[in-house]
Every structure is written in structure tokens, then in C-alpha cells.
Amino acid sequence: MVVPFPNVRAAQQVGFERLELLKILDIYGRMVAAGFWRDYAMDFGKDAAVFAAFKRTAERPSARIEKRPALRGKQGMWALFGEAGQVLKRGHDLAGVLSPLERRLMKVVED
């Protein structure tokens, strides 16, 4: 007698798409070059994908970028969190959520 395997599906995992990851790693590389960040970590869970950037490895992340698809229809699936855990920006578009980090890279150049 043959017994079929139960119909068990693995839990879905939230991740970054290639273009999303390219945008995040682009800003990460520029922040490293400017001396703001030194390390990063990624976490892919059932509800969210998280990219965390660190000044020093042993500390809290300086910035955390979260993708939560469940919030797509509400306030937007992207969120940028600061070092103390405060929400710096939320939105539907990744580029808009990364704008506070872009502003941090701008420097005033005098003649």
C-alpha cells in the first residue's frame, strides 16, 4: 500500500526583488564610501524582509529598511527606521522611502 505525502506547503518567505536590492545596495555602497556605514545584515521572514545597516557591527542598526507586503494597500509596504527605532519614512515607492538617506549624502560645495 502506498501512502501519499500530506499536502504541506512551506511557509512563504518575503524577499527583495533584484531591482529593489540593487537600489538598496547602491545607497549602501555610497554610505560606506562616505564613512557613515560599515556593515549590513539582511533578514527574510514570513511577514517582512529587512535590510539593516550598521556603523559598527556590535551596535544597533543606523538604518533599517523594511518591506512588508501586507501593508501594500494601507500606508505602503516600504518603511525606513532610524537608529532608535523611529519611523523616518513610509511609502509605496522604495526610491521615495530612501530619500532621507540620499539627502544625508548631499554636501554643500562652495566656490
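Conventions and cut-offs
Residues numbered from 1 in each chain as written. Predicted model: local features only at pLDDT ≥ 70, side-chain atom pairs only at ≥ 80, totals over all residues. Heavy atoms only, no water. Pairing = 2+ DSSP bridges. Helix = DSSP H or I, 4+ residues; strand = E, 2+ residues; numbered from the N terminus. Axes fitted to C-alpha atoms, helices over the stretch in contact; angles between N-to-C directions. Contact = heavy atoms within 4.5 Å. Salt bridge = Lys/Arg side-chain N within 4 Å of Asp/Glu carboxyl O. Buried < 20%, exposed > 50% of the residue type's maximum accessible area, 1.4 Å probe, protein only. Polar contact = N/O pair within 3.5 Å; in protein donor to acceptor, adjacent residues only side chain to side chain.

Trainee: Got a sec to walk through the sheet that holds strand β1 (residues 39-44)? Specific residues and values, please.
Mentor: With respect to topology, five strands assemble into an open sheet ordered β1-β2-β3-β4-β5, the strand pairing being antiparallel. Two strands lie at the open edges of the sheet, namely β1 and β5 (87-91), each paired on one side alone. Within the sheet, the average angular offset between the axes of one strand and its neighbour, ignoring direction, is 10 degrees. Packing of helix α1 (residues 18-34) onto the sheet brings it into contact with β1, β2 (49-54), β3 (63-67) and β4 (78-81), and relative to β2 it is tilted by some 10 degrees.

Trainee: Just give me the short version of the pattern of salt bridges, but keep the residues and values in it.
Mentor: Note that side chains of opposite charge can pair when their charged atoms are close. Scanning the model with the defined rule gives five salt bridges in all. For Glu102, the salt bridge is made with Arg30, and the minimal N-O distance between the two is 2.7 Å. In this pair, Glu102 is assigned in helix α3 (residues 99-105) and Arg30 in helix α1, connecting sequence segments 72 residues apart. Residue class for Glu102 comes out partly exposed when judged on its relative accessible area of 31%. Arg30 gets classed as partly exposed once you look at its relative accessible area, which sits at 33%. Several salt bridges converge on common partners, so that one network encompasses Asp26, Arg30 and Glu102.

Trainee: Explain the environment of Leu25 to me, and be specific about the residues and the numbers.
Mentor: Assignment of secondary structure puts Leu25 in helix α1. Take Leu25: its relative accessible area is 34%, and that puts it in the partly exposed class. Counting along the chain gives 26 residues from Leu25 to Phe51, while the straight-line C-alpha distance between them is 9.5 Å.

Trainee: Before we move on, could you go through the pairing of β5 and cite the residues and values that matter?
Mentor: One ladder, built from four bridges, connects β4 with β5; its direction is antiparallel. For Ala79, the partnering residue across the bridge sits in β5 and is Arg90. Here β4 folds back onto β5 in antiparallel fashion, the turn holding five residues, of which Gly85 has a positive phi close to 90 degrees.

Trainee: Could you give an account of the side chain of Lys67, with specific residues and numbers?
Mentor: Following the sequence through the fold, Lys67 ends up in strand β3. Only 3.0 Å separates the side chain of Lys67 from the backbone oxygen of Gly15, close enough to count as a polar contact. Side chain to side chain, Lys67 and Glu20 meet in a polar contact 3.0 Å long. The residues touching Lys67, leaving out its near neighbours within four places in the chain, are Val14, Gly15, Phe16, Glu17, Glu20, Asp47, Ala48, Ala49, Met77 and Trp78.

Trainee: An account of the environment of Pro61 is needed here, citing residue identities and associated values.
Mentor: As for its position among the elements, Pro61 is in the loop between β2 and β3. Along the primary structure Pro61 and Trp37 are separated by 24 residues, whereas in three dimensions their C-alpha atoms are 9.4 Å apart. Those residues in contact with Pro61 that lie beyond four places of it in its chain are Ala52, Ala53, Phe54, Gly82 and Glu83.

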